[in-house]
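One letter stands for each residue in the lines below.
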Amino acid sequence: MKPLKHLVVSSITAAALLTGSSVWAAELSGDALYTSQGQIMSDVGTHAGIGDFDDINGKAAAAAFRSPSSVAQLPDGGIIVADTRNHMIRKIKDGQVTTFAGPEVTVTKDEQGFPTGGFLNGKASESFFNEPSAIAVDGNGNVYVADAGNHAIRKIDTKGQVTTLAGNGVMGNKDGKGTEAQFDHPTDLAVTTDGIVYVADTLNHEIRKITPDGTVSTLNAASTRAIQIRPGAASFAGEYKDGALSVAKFNEPSGIALDSKGNLYVSDTGNQRIRYVDLSSGTVKTVAGFSSQLSGNTWYDKDELYVDGDYADGQALKAKFNFPKGLAVTSEGGLLIADSLNHSIRYLLNDRVSTIAGQAKTGESDGVESAAAFYNPTDVIVTEQGNLVVADAFNNKIRKILPYHLPQGLPDNGEIKVVNGNTIIQFDAQPELSEGRTMVPVRAISEALGYEVKYTEANGTSTIQLIKGDVTVELYIGRTGVKRITGNQPAVLQKTDAAPYISQDRTYVPIRFFAEQIGLDVEWDDAHKTVILRTKSYDVE
């Protein structure tokens, strides 16, 4: 598929390619084709990884990751990956996966035989990380890493040297310069063009700021809510409060992104909300996500860490999320959201939330936007080519979402056309509209989709059989209904409201019912008078 057209890049982005979690993208909604349900049409595939929980470099289609949690794009176009449970940074470029930083060979393993992390600066190939959870790239190509297990922010310069910008490997909550500062599992970060790093310091429930010289400060108020996590053991938990930044509170913020004004979007993960930090006015407000206050004017059940998650599209402040994480800002002012436990990529634009791809259940299948499935996606970016790349953490894969566009060369003649993915299907007789249904010559469509056509006559009924392998689809001239027979399984009969007929010495069939029976997604683009057929979903081997 072609990437989105008319890529809009701001002057800031042109200079900087801001960060892995704050990429300025093409205008998703303006360039899009839409399904009948109002969803942006796209096709989901696998960019790298076979799904095994492993560490394998080489061809992208045969590579393996361990819970990759973040992605970013380098100035050379390559995609870098925070390969969290392998404790390294990987790179995908020209169809190959290599190690960008961290040891090429596992040095130490835990009792289960999995790699363990470390904390060592120096040459990239000799450095050690501990559960790196996020990456960002500045305008010069330097890479910043939220090294969650080391409670530190690391930097990989363009010469391949790793240093520590802030933090010292010790869990804590302390402002200061460089190694004097302390964090608690920072899981995302964003970098401005002038080198300021903003950090989602997750288990401190805070947004931190790091100046280029490594000086760390805290922007919001500390949480003071205490809960019992088990009998006899208490812990501080996150809270929720909008208003002045100095008194605002968060609950395990796990995603952060810069917008065109230099302000911050935050995935307030434990509160199931998207918050907006206006740095110029020093305020915080909720821009998406909803939950009801409980009795006692609290958002949380007794001794619960989080607000309950849920799933709902629609008006932003009524939409629902389930542990939203990585974010990406688009040039039209929208916000892409990796909604991790809804296993989907959501989009906030013009005060409405929609689903770009995925569904609120786990899976691993590729296919069209609504049928594709993810398993705990934790980050999303838009590449400079205008496609989406997703860290599909629990599938151990890097996935890609390619916005769908009609094939080039499609005639603009007002006649009905049919395309199969990127291919224009040629007919020897013109498709027709009959009572609101698109009817097409059966032989041409069947052959285009690899099906053999057979006709039978019995008891006054003319039957059309479309056969491929052990699948047979039956339609009946002059009668509604379509039957699917697969191997020795019982036949499945579906009611239809259109019947095949004879016209121009051709047998015409309703394309939607046939196509849906063989597992294709069917959409109608009225502007171009075109039926669009795409593979609905397919499991990845």
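Residues numbered from 1 in each chain as written. Predicted model: local features only at pLDDT ≥ 70, side-chain atom pairs only at ≥ 80, totals over all residues. Heavy atoms only, no water.

If you check an unreviewed UniProt entry, the chain appears there as Copper amine oxidase from Paenibacillus hexagrammi.

Visitor: Help me out: how do you make sense of the overall build of the chain in this one?
Guide: Counting its secondary structure elements, the chain contains 4 helices and 46 strands. Relative to its length of 541 residues, the chain is compact, with a C-alpha radius of gyration of 26 Å against a globular reference of 24 Å. When its C-alpha atoms are laid out on the principal axes, the chain stretches across 85 × 55 × 50 Å. When burial is assessed residue by residue, the chain has 55% of its 541 residues classed as buried. Across the chain, the fraction of contacts at a sequence separation of at least 24, relative to all contacts at a separation of at least 6, is 50%. Total accessible area on the chain is roughly 22,200 Å²; 48% of this is exposed by carbon and sulfur atoms. Across the chain, the centroid of the 49 positively charged side chains sits 1 Å from that of the 65 negatively charged ones. (Helix = DSSP H or I, 4+ residues; strand = E, 2+ residues; numbered from the N terminus. Rg over C-alpha atoms; globule rule 2.2 N^0.38 Å. Buried < 20%, exposed > 50% of the residue type's maximum accessible area, 1.4 Å probe, protein only. Contact = heavy atoms within 4.5 Å. Areas by Shrake-Rupley, 256 points an atom, 1.4 Å probe, with all protein chains shown as cover. Lys, Arg positive; Asp, Glu negative; His and termini not counted. Charge placed at Lys NZ, Arg CZ, Asp CG, Glu CD.)

Visitor: Teacher, can you tell me more about the side chain of Arg-90 here?
Guide: With respect to the helices and strands, the residue Arg-90 is situated in strand β5 (residues 88–93). A distance of 2.8 Å separates the side chain of Arg-90 from the side chain of Asn-57, its partner in a polar contact. Engagement of the side chain of Arg-90 in a polar contact is seen with the backbone oxygen of Ala-64, the distance being 3.2 Å. (Polar contact = N/O pair within 3.5 Å; in protein donor to acceptor, adjacent residues only side chain to side chain.)

Visitor: Just checking my understanding: could you explain the packing of aromatic side chains for this structure?
Guide: We describe a pair of aromatic rings using the distance from one ring centre to the other and the angle between the two ring planes. Within this structure, the stated rule accounts for 7 aromatic pairs. Taking the centre distance of 5.1 Å and the plane angle of 90 degrees together, the rings of Phe-53 and Phe-114 count as edge-to-face. Residue Phe-53 is located in the loop between β1 (42–48) and β2 (58–59), and its partner Phe-114 is located in the loop between β6 (96–101) and β7 (122–123); the two are separated by 61 residues in the primary sequence. Measuring from centroid to centroid gives 5.2 Å for Tyr-240 and Trp-299, while their planes differ by 90 degrees, and the two rings are edge-to-face. Taken together, the residues Tyr-240 in the loop between β18 (233–237) and β19 (243–244) and Trp-299 in the loop between β23 (283–288) and β24 (314–315) connect sequence positions 59 residues apart. (Phe/Tyr/Trp six-rings, centres within 6.5 Å; stacked < 30°, edge-to-face > 60°.)

Visitor: Explanation requested: the nonpolar core in the structure shown.
Guide: In a soluble, globular protein the nonpolar side chains are often hidden away together inside. The biggest cluster of nonpolar side chains holds 29 residues, and the ones touching the most others in it are Val-418, Ile-445, Leu-449, Leu-466, Val-473, Phe-514 and Leu-533. Where this core is concerned, the elements lending two or more residues are β36 (437–441), α3 (442–448), β38 (461–468), β39 (471–476), β43 (506–510), α4 (511–517), β44 (520–525) and β45 (530–535). What Ile-445 contacts, discounting residues up to four positions off in sequence, is Val-418, Ile-425, Phe-427, Val-440, Ile-511, Phe-514 and Leu-533. Core analysis: the second largest hydrophobic core is formed by 19 residues, Ala-32, Ile-40, Ala-328 and Tyr-347 among them. (Core = buried A, V, L, I, M, F, W, Y, C linked by side-chain atoms within 4.5 Å.)

Visitor: Is there a simple way to think about the side chain of Asp-268 in this case?
Guide: You can see Asp-268 is positioned in strand β21 (residues 264–268). The class for Asp-268 is buried, based on a relative accessible area of 0%. For Asp-268, the side chain forms a polar contact with the side chain of Asn-271, separated by 2.7 Å. At 2.5 Å, the side chain of Asp-268 forms a polar contact with the side chain of Arg-275.

Visitor: Hey, could you run me through the UniProt feature "domain: Copper amine oxidase-like N-terminal" (unreviewed entry) in the chain in this one?
Guide: According to UniProt, the feature "domain: Copper amine oxidase-like N-terminal" (unreviewed entry) maps to residues 418–533 in the numbering used here. In the segment residues 418–533, helix accounts for 12% and strand for 54%; the C-alpha atoms at its two ends are 8 Å apart. (UniProt positions renumbered as here; feature names shortened; annotations may be inferred.)

Visitor: Sorry if this is basic, but what is going on with the pairing of β23 here?
Guide: In the case of a regular strand, side chains alternate between the two sheet surfaces. Sheet topology note: the β19/β23 ladder contains 2 bridges and is antiparallel. For Gly-243, the partnering residue across the bridge sits in β23 and is Val-284. Note: strand β22 (residues 273–278) against β23, 5 bridges, orientation antiparallel. Bridge pairing in β23 places Val-277 opposite Val-284. (Pairing = 2+ DSSP bridges.)

Visitor: Would you take a moment to explain the sheet that holds strand β40 (residues 479–486) for this structure?
Guide: One key point about sheets: their strands pair by backbone hydrogen bonds, in either a parallel or an antiparallel sense. Across the sheet, 5 strands lie side by side as β37-β38-β39-β40-β41; this open sheet has antiparallel pairing. A single partner strand is all that each edge strand has here, and the edge strands are β37 (452–458) and β41 (492–494). When strand polarity is set aside, the average angle formed by the axes of neighbouring strands in this sheet is 20 degrees. Across 3 bridges, β40 lies against β41 in antiparallel orientation. Of the residues in β41, the one forming a bridge with Lys-483 is Leu-493. (Axes fitted to C-alpha atoms, helices over the stretch in contact; angles between N-to-C directions.)

Visitor: How do you make sense of the pattern of salt bridges when you look at a structure like this?
Guide: Side chains that differ in charge, positive against negative, can pair when their charged atoms come close. Applying the stated criterion to the full structure yields 25 salt bridges. The salt bridge partner of Arg-90 is Asp-55, with a shortest N-O separation of 3.7 Å. On the criterion of sequence distance, the pair formed by Arg-90 in strand β5 and Asp-55 in the loop between β1 and β2 is long-range, its members being 35 residues apart. Note on Arg-90: relative accessible area 0%, which makes it buried. (Salt bridge = Lys/Arg side-chain N within 4 Å of Asp/Glu carboxyl O.)

Visitor: Just to check I follow, could you spell out the UniProt feature "repeat: NHL" (unreviewed entry) in the chain for this structure?
Guide: Mapped onto this numbering, the UniProt entry gives "repeat: NHL" (unreviewed entry) at residues 129–159, 182–213 and 250–280. The straight-line gap between the two end C-alpha atoms of residues 129–159 is 18 Å; of that span, 0% is helix and 52% is strand. When the span residues 182–213 is considered, its composition is 0% helix and 50% strand, and the gap between its end C-alpha atoms is 16 Å.

Visitor: Please clarify how unusual backbone geometry should be interpreted in this entry.
Guide: Working note: non-glycine residues mostly have negative phi, and peptide bonds are mostly trans. Positive phi, normally seen in glycine, also occurs at Glu-131, with a value near 55 degrees. Its place among the elements puts Glu-131 in the loop between β7 and β8 (132–137). Look at His-343: it is not a glycine, yet its phi comes out positive at around 50 degrees. Note that His-343 resides in the loop between β26 (335–339) and β27 (344–349). Residue His-343 is classed as buried on the basis of its relative accessible area, which comes to 7%.

Visitor: Please clarify how the pairing of β38 should be interpreted in this entry.
Guide: The buried fraction of β38 amounts to 7 of the 8 residues, a majority that puts the element mostly inside the structure. With antiparallel pairing between neighbouring strands as the criterion, β37 and β38 make up a hairpin whose turn holds 2 residues, including Asn-459 at a positive phi of roughly 55 degrees. With antiparallel pairing between neighbouring strands as the criterion, β38 and β39 make up a hairpin whose turn holds 2 residues, including Gly-469 at a positive phi of roughly 60 degrees.

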